[in-house]
Amino acid sequence: MMNQDCLFCKIIAGKIPSAKVYEDELVYAFKDITPIAPVHYLFVPKTHICCAKKINAENSNYIASIFEAIAKVAENENLDSYRVINNCGEDAGQSVMHLHFHMVAGKKMGWGEQSLG
Ligand code: AMP
Ligand code: ZN
């Protein structure tokens, strides 16, 4: 199910342009418009799930497919190291309310407070 007012639903439907990096039956992936690293992709389920809080037994096949897709893209692009990030909720920095996983790579990354901006 898609949501008429959702930015990422519109991107999946092709109503708003994006730089696609991967697509299958359940998953769409595209370049983040404001990259925080040389490689910064967003992986989204092709159904409207607002956030990680709403992952359940009925829709978790989308999540499995997203992580399979991330592994495929990493292999295709020879990404030896990468970070997968999900921001869930406003305080965590979620700005688009359609579940997405950031795949970030191509630079040495810190850990802890300094990596949280
Ligand atoms: P978050 O802050 O975790 O909700 O991540 C939302 C991400 O979506 C941000 O990193 C934005 O740069 C990215 N973003 C917003 N609009 C677009 C767009 N039209 N195309 C690609 N990425 C976008
Ligand atoms: Zn949506």
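Note that the coordinates shown come from a computational prediction; the quantities given were computed from them, not determined experimentally. (Residues numbered from 1 in each chain as written. Chains lettered and ligands numbered in written order. Predicted model: local features only at pLDDT ≥ 70, side-chain atom pairs only at ≥ 80, totals over all residues. Heavy atoms only, no water.)

Taken together, Cys6 (SG), Cys9 (SG), His48 (ND1) and His98 (ND1) make up the full set of protein donors to the zinc ion (ligand 2), lying 2.0 to 2.3 Å away. What the 4 donor atoms of the zinc ion (ligand 2) show is an angle range of 106 to 114 degrees at the metal, which sorts the shape as tetrahedral. Between consecutive donors of the zinc ion (ligand 2), the numbers of intervening residues give the motif C-x2-C-x38-H-x49-H. In this pair, cysteine 9 is assigned in helix H1 (residues 7-12) and histidine 48 in the loop between strand S3 (39-45) and helix H2 (60-76), connecting sequence segments 39 residues apart. (Donors = N, O, S within 2.8 Å, 3.2 Å for Na, K, Ca; no water. Tetrahedral: all angles 85-135°; square planar, octahedral: opposite > 155°, others 65-115°. Helix = DSSP H or I, 4+ residues; strand = E, 2+ residues; numbered from the N terminus.)

Below, the discussion takes up the site of ligand 1. Taken together, the neighbourhood of ligand 1 is formed by 16 residues, with Asp32, Asn87, Gly93, Ser95 and His102 sitting nearest. Contacts to ligand 1 include asparagine 87, whose side-chain N or O atom sits 2.8 Å from an oxygen atom. Here an oxygen atom of ligand 1 sits 2.6 Å away from a polar atom, N or O, in the main chain of serine 95. In isolation ligand 1 offers 500 Å² of accessible surface; the protein chains occlude 83% of this area. At the level of secondary structure, the elements contributing two or more residues to the shell around ligand 1 comprise H1 and strand S2 (27-31). (Near = heavy atom within 4 Å. Polar contact = N/O pair within 3.5 Å; in protein donor to acceptor, adjacent residues only side chain to side chain. Areas by Shrake-Rupley, 256 points an atom, 1.4 Å probe, with all protein chains shown as cover.)

Once that is clear, we can look at unusual backbone geometry. Most of the time, phi is negative for any residue but glycine, and the peptide bond is trans. Notably, asparagine 78 is not glycine yet its phi reads approximately 55 degrees, a positive angle. As for its placement among the helices and strands, asparagine 78 is situated in the loop between H2 and strand S4 (83-85).

What follows is about the pattern of salt bridges. Charged atoms that come close allow side chains of opposite charge to pair. Here the structure, examined in full by the defined rule, presents 2 salt bridges. In this structure, the salt-bridge partner of glutamate 23 is lysine 20, at a minimum N-O distance of 2.8 Å. Accessibility expressed as a relative area gives 49% for lysine 20, which makes it partly exposed. The closest approach of N and O atoms between lysine 46 and glutamate 23, which form a salt bridge, is 2.9 Å. Pair noted here: lysine 46 is in the loop between S3 and H2 and glutamate 23 is in strand S1 (residues 20-23), with a separation of 23 residues, a long-range link. Of the residues examined, glutamate 23 reaches a relative accessible area of 36% and is grouped as partly exposed. (Salt bridge = Lys/Arg side-chain N within 4 Å of Asp/Glu carboxyl O. Buried < 20%, exposed > 50% of the residue type's maximum accessible area, 1.4 Å probe, protein only.)

With that out of the way, let us pick up the packing of aromatic side chains. Inspection of every chain in the model, using the stated rule, returns 3 aromatic pairs. Between phenylalanine 8 and phenylalanine 30, the aromatic rings sit 5.4 Å apart at their centres with planes inclined by 80 degrees, giving edge-to-face as the arrangement. With phenylalanine 8 in helix H1 and phenylalanine 30 in strand S2, this pair connects stretches of sequence that are 22 residues apart. With respect to burial, phenylalanine 8 and phenylalanine 30 carry one shared label: buried. Taking 5.3 Å as the distance between ring centres and 70 degrees as the angle between the ring planes, the aromatic pair formed by phenylalanine 67 and phenylalanine 101 counts as edge-to-face. One end of the pair, phenylalanine 67, is in helix H2; the other, phenylalanine 101, is in strand S5 (residues 101-105), with 34 residues separating them in the sequence. (Phe/Tyr/Trp six-rings, centres within 6.5 Å; stacked < 30°, edge-to-face > 60°.)

Here the structure, examined in full by the defined rule, presents 0 disulfides. Unpaired in this structure, cysteine 88 has its nearest cysteine sulfur neighbour in cysteine 51, at a distance of 4.6 Å. The exposure class of cysteine 88 is partly exposed, given its relative accessible area of 26%. (Disulfide = S-S within 2.5 Å.)

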